[in-house]
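Structure at a glance
These are the residues of each chain, in order.
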Amino acid sequence: NMNARLAHVPAQGNRAGAAKYALLSAHRSRTRTSHLRVNATKQPNPIPPDAKNIFIFGLGYTSIALGNWLAADGWRVSGTCRSLARVEALGAKGWKVGIYDPARGLKLTPDLSCHLERSPYVLSSIPPLALALYDPALSAQKALLSPLAASGRIAWFGYLSSTGVYGDWQGEWVDESSPCRQTSSKAIVRQEAEAAWLQMYEQYGLPTHIFRLGGIYGPGRSVLDAVQREMSELSTSQQRRGRQRYTARCHVHDICAVLATSILKPRPGGVYNVVDDDSAPRTEVMSYARSLLAGGQGQGSCSNVTSKLISTAQSLPHSLTPAVTATAAAAVLSAREGQSSERIGIDGPGDIHSRSVGSGRGSGPEPLEEKRVRNRLIKSELGLELRYPTYREGVVAIHRGEYWPLTEDDLRMLL
């Protein structure tokens, strides 16, 4: 509930975080751990604790959903994107948005710079384009934020990363303290970007929070969309994911809940895995989606899923999400869970964080990176209970036409 009074914890000395693993060469970054202790200078915080302004670098699928979530509670949203059509569509919401693309020399306008300076809460969802040390978007954002952080004018900064940084664990479980074993170039630069932001925490007191997202799915971007396409139409990376035994994923609603709760309970230097409870196989999920679309008969523990959906919906604020009715219960009960032993993913098309970590070097196929990702920290520290703890609840909600925290207009804009 975002009606709680926002509190800011100023930068403290001896804070837990990953900042100490500074920017290193790609081959050294593969085995760095996620939690090392750092020191930073304590800075004053002149921002009123109830200033509900957030600035978002890179307004895309997930960050637009977060903007909707916060705007529903009276927040003022501003930020950047790279499309004039998107600027106009988001402006119609009352958001202050402009084009920003440092790689093409397009900087923040004076008006957007003012909005950034007035926003104690900042999120970056822009993925690295090149090696983090030389990435133009990363460098430009750091230059904008370092003086604001040094003066204590930022209460919370979030960076959307990926569970791909963990690399291959041969199916073993990983958590935020696990070393990163990635070998693909995209995952390496992703971890270097994490390190760059955490170094900003160490050097300037930027209250950095890293969110390692699994495959993002939600309305318009889910297995229900994928099941309507032939395998021949899937991209190479999507076909590759189809061979994996384990896939971390999370519904966009739960990602927004994590981010909003972190804003209320900041822990600068924190790293969080944002995934659901079930690293289920893509074949299982696809089978479930086909059965749901065909109105098949349910089996197994679907009644528990139904009960979970109804009780969770009843606990949510009326203004934030549609109620789950008896029709949803019937939809869950009519869905049939696939029984395949193959462990594959759910990723919907189009979202940067749901894409494969990337192709490796060389001409041959990249070895599959198998891991199961724990989410205990977002529960124990942030006190969250996922609305969609497995793909079943999430797919049923999408099938029923539940859009929140996105809208139909958002989905048309994002096409």
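Source: prediction; values computed, not measured. (Residues numbered from 1 in each chain as written. Predicted model: local features only at pLDDT ≥ 70, side-chain atom pairs only at ≥ 80, totals over all residues. Heavy atoms only, no water.)

A closer look at the overall build of the chain
Test applied: Put simply, DSSP marks the helices as runs of H or I at least four residues long and the strands as runs of E at least two long, and each gets a number from the N terminus on. A 1.4 Å probe rolled over the protein chains alone gives each residue an accessible area, and that area as a share of the maximum for its type sets the label: buried under 20%, exposed over 50%, partly exposed in between. Contacts between residues were defined by any pair of non-hydrogen atoms, one from each residue, lying within 4.5 Å. Each accessible area is a Shrake-Rupley estimate made with a 1.4 Å probe; only the visible protein chains count as cover when residues are assessed.
When its secondary structure is counted, the chain shows 15 helices and 13 strands. By residue count, 58% of the 415 residues in the chain fall in the buried class. Contacts in the chain between residues at least 24 apart in sequence constitute 83% of all its contacts with a sequence separation of at least 6. Put simply, the chain shows about 16,700 Å² of open surface, and 51% of that area lies on carbon and sulfur atoms.

Things to note about empty space enclosed by the protein
The cut-off we apply is this: Using a 1 Å grid laid over the protein atoms alone, points where a 1.4 Å probe fits but cannot get out form a cavity; open sets with protein on both sides within 12 Å along at least 5 of 7 lines form a pocket; any residue with an atom within 4 Å of a point counts as lining. Grid points are joined across faces, edges and corners, and a volume is the space filled by probe spheres set on the points. Only Asp, Glu, Lys and Arg are considered charged in this grouping, and only Ala, Val, Leu, Ile, Met, Phe, Trp, Tyr, Cys and Pro are considered nonpolar; every other residue, Gly among them, is considered polar.
Across all of its chains, the model carries three cavities of 30 Å³ or more by this definition. Taken together, Ser124, Ile126, Pro127, Pro128, Asp135, Ala137, Leu138, Gln141, Tyr159, Ala193 and Trp197 make up the lining of the second largest cavity. Every element with two or more residues in the lining of the second largest cavity is listed here: α5 (136-150) and α6 (185-204). With three residues, the top contributor of residues to the lining of the second largest cavity is α5. For the lining of the second largest cavity, the per-class residue count stands at eight nonpolar, two polar and one charged.

Looking at the packing of α5 against α6
This is how the line gets drawn: Throughout, an axis means a line fitted to C-alpha atoms (over the contacting stretch in the case of helices), and angles, computed between N-to-C directions, take values from 0 to 180 degrees. Note on terminology: angles under 35 degrees are roughly parallel, angles over 145 are roughly antiparallel, angles of 65 to 115 are roughly perpendicular, and the others are oblique. Crossing handedness is defined as follows: a turn of the near helix away from the far one that is anticlockwise and smaller than a right angle gives a left-handed crossing, while the clockwise case is right-handed.
One way to put it is that α5 packs onto α6 with a least axis distance of 10 Å and a crossing angle of 20°. Viewed along their axes, α5 and α6 adopt a mutual orientation that is roughly parallel. Helix-helix and strand crossings are classified by hand; for α5 and α6 the assignment is right-handed. The residues of α6 that touch α5, namely those facing Leu138, Gln141, Lys142, Leu145, Ser146, Ala149 and Ala150, are Ala193, Ala196, Trp197, Met200 and Tyr204. In the contact of α5 with α6, the residues fall into nine nonpolar, two polar and one charged.

Remarks on the confidence of the model for the chain
Our working rule: The pLDDT value expresses, per residue, how confident the predictor is, ranging between 0 and 100.
For the chain, per-residue confidence averages 75 on the pLDDT scale, and residues scoring 70 or more make up 66% of the total. Low pLDDT, under 50, characterises residues 1-47; the predicted model gives this stretch 140 contacts beyond four residues in sequence or across chains. Low pLDDT, under 50, characterises residues 297-363; the stretch is placed with 168 contacts to residues that sit more than four places away or in other chains.

So, the nonpolar core
Short version of the rule: Nonpolar core, defined: a set of buried Ala, Val, Leu, Ile, Met, Phe, Trp, Tyr and Cys residues in which side-chain atoms within 4.5 Å join the residues together.
If you look at the biggest cluster of nonpolar residues, it comprises 45 residues, and the most contacted ones within it are Ile54, Ile64, Leu70 and Phe211. Looking at this core, the element that brings in the most residues is helix α9 (residues 252-264), giving eight residues. Filtering out sequence-adjacent residues up to four positions away, Ile64 remains in contact with Leu59, Arg86, Leu90, Trp95, Leu406, Asp410, Met413 and Leu414. The next biggest cluster of nonpolar side chains, apart from the first, holds 24 residues, and it includes Leu108, Tyr159, Ile210 and Val271.

Brief notes about the sheet that holds strand β7 (residues 156-162)
Remark on secondary structure: sheet strands pair via backbone hydrogen bonds, oriented parallel or antiparallel. Applied cut-off: Note on pairing: DSSP must find at least two bridges between two strands before they are called paired.
Pairing is parallel in the open sheet, where seven strands are placed in the order β5-β4-β3-β6-β7-β9-β12. At either margin of the open sheet sits one strand with a lone partner, and together these are β5 (96-99) and β12 (270-274). Each neighbouring strand pair of the sheet contributes to a mean axis angle of 15°, computed without reference to strand direction. Here β7 pairs with strand β9 (residues 208-213) via six bridges, running parallel. Paired with Leu160 across the bridge in β9 is Phe211. Contacts from α9 reach β3 (53-57), β6 (121-124), β7, β9 and β12 within the one sheet, and its direction differs from that of β9 by about 165°.

Here's the deal with the packing of aromatic side chains
A ring pair, where both rings are aromatic, is described by two values, the distance of the centres and the angle of the planes. For clarity, the cut-off: Two aromatic rings, drawn from Phe, Tyr or Trp (for Trp, its six-membered ring), form a pair once their centres lie within 6.5 Å of each other, and the interplanar angle then sorts them: stacked below 30 degrees, edge-to-face above 60, tilted otherwise. In this analysis the charged atom, NZ for Lys or CZ for Arg, is taken to sit over a ring once it is within 6 Å of the ring centre and within 35 degrees of the ring normal.
A full pass over the atoms with the stated rule returns eight aromatic pairs. The interplanar angle of 40° and the centroid separation of 6.3 Å between the aromatic rings of Tyr159 and Trp197 together place this pair among those described as tilted. Here Tyr159 is found in strand β7, whereas its partner Trp197 is found in helix α6, with 38 residues between them in sequence. Aromatic pair Phe211 and Tyr272: ring centres 5.7 Å apart, planes at 15°, arrangement stacked. A residue pair is termed long-range when its members are at least 10 positions apart, and Phe211 in strand β9 and Tyr272 in strand β12 qualify at 61 residues. Across the pair, Tyr272 and Phe211 agree in class, each one buried. Counting every residue linked through ring pairs, the aromatic cluster contains Phe55, Phe57 and Tyr100. Sitting over the ring of Trp95, Lys93 keeps its end group 5.3 Å from the ring centre. Over the ring of Trp169 we find Arg181, and its NZ or CZ is 3.5 Å from the ring centre.

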